[in-house]
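# Chains, contacts and geometry: an overview
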Amino acid sequence: METRQETRTAYDTFYIGGSWVGPSTDRVIVPIDPSTEQPLGGVPEGAEADIDRAVLAARRAFEDPAGWSGWDPARRAEVMERFAVEIDARADGFVERVSSQNGMPVAVAAQLETGYPSAVLRYYAGLARTSAFEEVRPGLLGGSVEVRRLPVGVVAAIVPWNFPQALSMFKIAPAMAAGCTLVVKPSPETVLDSYLLAEAAEAAGVPAGVINIVPAGREVGAYLVSHPGVDKVAFTGSTPAGRSIAEACGRLLRPVTLELGGKSAAIVLDDIELDLASIGEGLFSSTLLNNGQTCFLGTRVLAPRHRYAEVVDAFTALAESLPVGPALDPATRIGPLATARQRDRVESYIARGIASDARLTTGGRRPQHQDRGWFVEPTVFADVDNGSAIAQEEIFGPVLSLIPYDGVDEAVRIANDSEFGLGGTVWTSDPERGAAVARRVATGSIGVNRYVPDPAAPFGGIKSSGLGRELGPEGLMAYQQSQTVYR
Ligand code: NAD
């Protein structure tokens, strides 16, 4: 049950099997506000016995012959739409909890951690209503074949702290539409918002056991991945954790979707009009969104050599124009990094950049006016070699590497010279030309003069950025398996 004391929100139960149940240990998770370094409250920390209980509840709900997985999809859609309404009713709570736990500026959270997840939920409710869950085709060998799209079963959904609600919903919505049940494991940094989600599910009448939520750390996450009661794993997080989860799922022959890290390219073409008043917002949201803690950002900015100085000046001016401040201040564009560890990591990359041949044009320090909180100034490096650490490794902070190129072929070659392939953008005054360049980039998704993962289109990476896709009809198929009946 929830108790509130000033700004501290505390819970002492988990949402499992449609009830609020006590934890198996007395261990707690205390999230820290990265803007103030103050504790925010606490929730119980899930242990193996809590996961066992949650998986059992999800299995029972899945296997109930009169239950969720056997319902008419339109009936599931009705519940999902009510769930979306309940999420929207808690919008302010989600914004406050997410921003105070991970440092996301409230202006970003208001768009991407409330309205966006409920839009994803409504999109999949729509797909549940309109998709063919059974289809009969003429067989080539005579007779007909019935193809059924069955829910894959109990899903383990493991999510990171950077967009905890959106990335949970990328899994929950298609899994619900397909008829699956879930155990969701939020990251220890962002747990309070997951209780609001549980409350919304309860208020919407999501049947008991369809969604179970157990916040826990990585060891317990690994236990969930290999749990015998789980049929599919859906993971968003770092590439090293993704590899280890893929190994476990490989041994078990368990289906897995992995949304991992990135180091995408923002290719500035030579015809661009560099007017920050018109394209500054798009450049910001595709290169620095959420304090640089967004997987798809184009943090390698590729610029034509004959306009290189102009591009460097534009990005330097953009970085210097962004107010840095506490996440809950509506004027803030760059908040703190989510954890002290994350700030140390970002600062270590800045030090490597300074020690390399790259040229620091702005930022690189902790802002003078913030005496508390894990802040780092928006930072721009020019003259970066694409082979250097700051160009090849995911920094996950507000740090851009500007790399010159000679000709579009070289721009594409540099963009593709990366271990990752997740997002990216092309900036041009000629959108057709931009699309032609975008198609040559080896990446799961890429935008021309904008980048927003659209719920209707598949999102995901290639190479070390992951396996499989979320969103779009493709995201629904990831929670289905087919059965063919020859007739
Ligand atoms: P992380 O990999 O450390 O943790 C992510 C989640 O996985 C957490 O809930 C954590 O407890 C859990 N976890 C970690 N190791 C695990 C294991 N071996 N088995 C089971 N669970 C485990 O990542 P993070 O630091 O929380 O998030 C940042 C990373 O996530 C970045 O690399 C970023 O690029 C990536 N990310 C990717 C996408 C995408 O869609 N591709 C989106 C957002 C973030």
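Chains are numbered independently. Their residues run from 1 in the order of the written sequence. At least 70 in pLDDT is required for a residue's local features to be given in this predicted model, at least 80 for side-chain atom pairs to be given and counted, and no such filter applies to totals for whole chains, interfaces and linings, which use all residues. With hydrogens and water excluded, all non-hydrogen atoms of the structure serve as input to the side-chain values.

## A few points about the overall build of the chain
Of the regular secondary structure elements, the chain holds 15 helices and 26 strands. The reference for a compact globule is 2.2 Å times residues^0.38; the radius of gyration itself is calculated from the C-alpha atoms. Its C-alpha radius of gyration of 23 Å places the chain within 12% of the 23 Å reference for a compact globule of 487 residues. Seen along its three principal axes, the alpha-carbon backbone of the chain occupies a region of about 65 × 65 × 40 Å. The criterion used for residue contact is that any of the two residues' heavy atoms lie within 4.5 Å. Partitioning the contacts of the chain with sequence separation of at least 6, the portion at a separation of at least 24 is 73%. A total of about 18800 Å² of accessible surface is found on the chain, and carbon and sulfur atoms cover 53% of it. Averaging the coordinates of the 44 positive side-chain charges in the chain and doing the same for the 59 negative ones gives two points 5 Å apart. Only DSSP runs of H or I with at least four residues qualify as helices, and only runs of E with at least two residues qualify as strands; both kinds are numbered from the N terminus onward. What sets the accessible areas is the Shrake-Rupley method with a 1.4 Å probe; for residues, cover comes only from the shown protein chains. Neither His nor the chain ends is counted toward charge; the positive residues are Lys and Arg and the negative residues Asp and Glu. Lys charges are placed at NZ, Arg charges at CZ, Asp charges at CG and Glu charges at CD.

## Some thoughts on the domain arrangement of the chain
Where each domain begins and ends follows an automated or database-derived domain assignment. What the domain assignment reports for the chain is domain 1 (2-260 + 465-486) and domain 2 (265-454). Taking only C-alpha atoms into account, the centre of domain 1 sits 31 Å from that of domain 2. Listed by partner, the interface residues are 29 residues for domain 1 and 33 residues for domain 2. The quantity reported as buried area is the accessible area (1.4 Å probe) lost by two parts once they are put together, taken as the sum for both. Carbon and sulfur atoms supply 60% of the area buried between domain 1 and domain 2, which totals about 2400 Å² over both sides. Salt bridge, as applied in this entry: a Lys or Arg side-chain nitrogen positioned within 4 Å of an Asp or Glu carboxyl oxygen. Of the charged contacts in the structure, one is a salt bridge between Glu419 and Arg243, with a shortest N-O distance of 3.4 Å. Any pair of N or O atoms that falls within 3.5 Å is considered a polar contact. Within protein, one atom must be able to donate a hydrogen and the other to accept it, and sequence-neighbouring residues count only if both atoms are side-chain atoms. Remark: the boundary between domain 1 and domain 2 carries 10 residue pairs in polar contact (both at pLDDT 80 or more). Mapped onto the side of domain 1 that touches domain 2, the elements with two or more residues apiece are helix 3 (91-102), helix 4 (106-130) and helix 8 (239-252). Gly falls in the polar group here, along with every residue not listed as nonpolar (Ala, Val, Leu, Ile, Met, Phe, Trp, Tyr, Cys, Pro) or charged (Asp, Glu, Lys, Arg). Split by residue class, the side of domain 1 that touches domain 2 holds 13 nonpolar, 11 polar and 5 charged.

## Quick look at the UniProt feature "active site" (unreviewed entry) in the chain
UniProt positions are given in the numbering used here, feature names are shortened, and annotations may be inferred rather than shown by experiment. Within the UniProt annotation, "active site" (unreviewed entry) is assigned to Glu259. You can see Glu259 is positioned in strand 15 (residues 256-259). The contact partners of Glu259, leaving out residues within four places of it in the chain, are Phe235, Thr236, Gly237, Phe459, Gly460, Gly461, Ser465, Gly468, Arg469 and Glu470.

## A look at the site of the ligand
Only a single heavy atom is needed: when it lies within 4 Å of a molecule or strand, its residue is near that molecule or strand. Taken together, 28 residues form the shell around the ligand, and within it Val159, Arg218, Ser238, Leu260 and Glu394 come nearest. Here Trp161 contributes a side-chain N or O atom positioned 3.0 Å from an oxygen atom of the ligand. Here Leu260 contributes a backbone N or O atom positioned 2.6 Å from a nitrogen atom of the ligand. When the ligand sits alone it has 840 Å² of accessible area, and the protein chains cover 93% of it.

## So, helix 14 (residues 431-438)
Within the sequence span of helix 14, burial applies to Gly434, Ala435, Val437 and Ala438. The buried residues of helix 14 occupy an angular sector of 160 degrees when projected down its axis, which confines them to one face. Turning to helix 14, the residues buried within the fold contact strand 16 (265-268), helix 13 (408-416), strand 22 (425-427) and strand 23 (447-448). Exposed residues in this analysis have more than 50% of their type's maximum accessible area, buried residues have under 20%, and partly exposed residues fall in between, with area computed by a 1.4 Å probe over protein chains only. Note that the arc is defined by the directions from the helix axis to the C-beta atoms.

## A closer look at the UniProt feature "domain: Aldehyde dehydrogenase" (unreviewed entry) in the chain
Following the UniProt record, the feature "domain: Aldehyde dehydrogenase" (unreviewed entry) maps to residues 20-485 here. Spanning residues 20-485, this segment combines 41% helix with 19% strand, and its end C-alpha atoms are found 41 Å apart.

## Things to note about the pattern of salt bridges
In this structure the tally under the stated criterion is 24 salt bridges. The closest approach of N and O atoms between Arg59 and Asp231, which form a salt bridge, is 3.1 Å. Taken together, the residues Arg59 in helix 1 (residues 48-63) and Asp231 in the loop between helix 7 (218-225) and strand 14 (232-236) connect sequence positions 172 residues apart. With relative accessibility at 19%, the residue Arg59 sits in the buried group.

## So, helix 13
Every buried residue belonging to helix 13 is among Ala411, Val412, Ile414 and Ala415, and all of these are buried. Along helix 13, the residues classed as buried sweep out an arc of 165 degrees about the axis, all on the same side. If you follow the buried residues of helix 13, they end up packed against strand 16, strand 17 (300-304), strand 20 (399-405) and helix 14.

## A look at the sheet that holds strand 9 (residues 134-138)
The strand order 9-10-26 describes an open sheet built from 3 strands, whose pairing is antiparallel. Two strands close off the open sheet at either side, each with one partner strand: strand 9 and strand 26 (480-486). Sheet twist, expressed as the average angle between the axes of neighbouring strands with direction ignored, equals 25 degrees. Strand direction decides the pairing type here: strand 9 and strand 10 (residues 144-151), joined by 5 bridges, are antiparallel. Following DSSP output, two strands are said to pair if at least two bridges run between them. To define axes, lines are fitted to C-alpha atoms, for helices over the stretch in contact only, and angles between the resulting N-to-C directions are given on a 0 to 180 degree scale.

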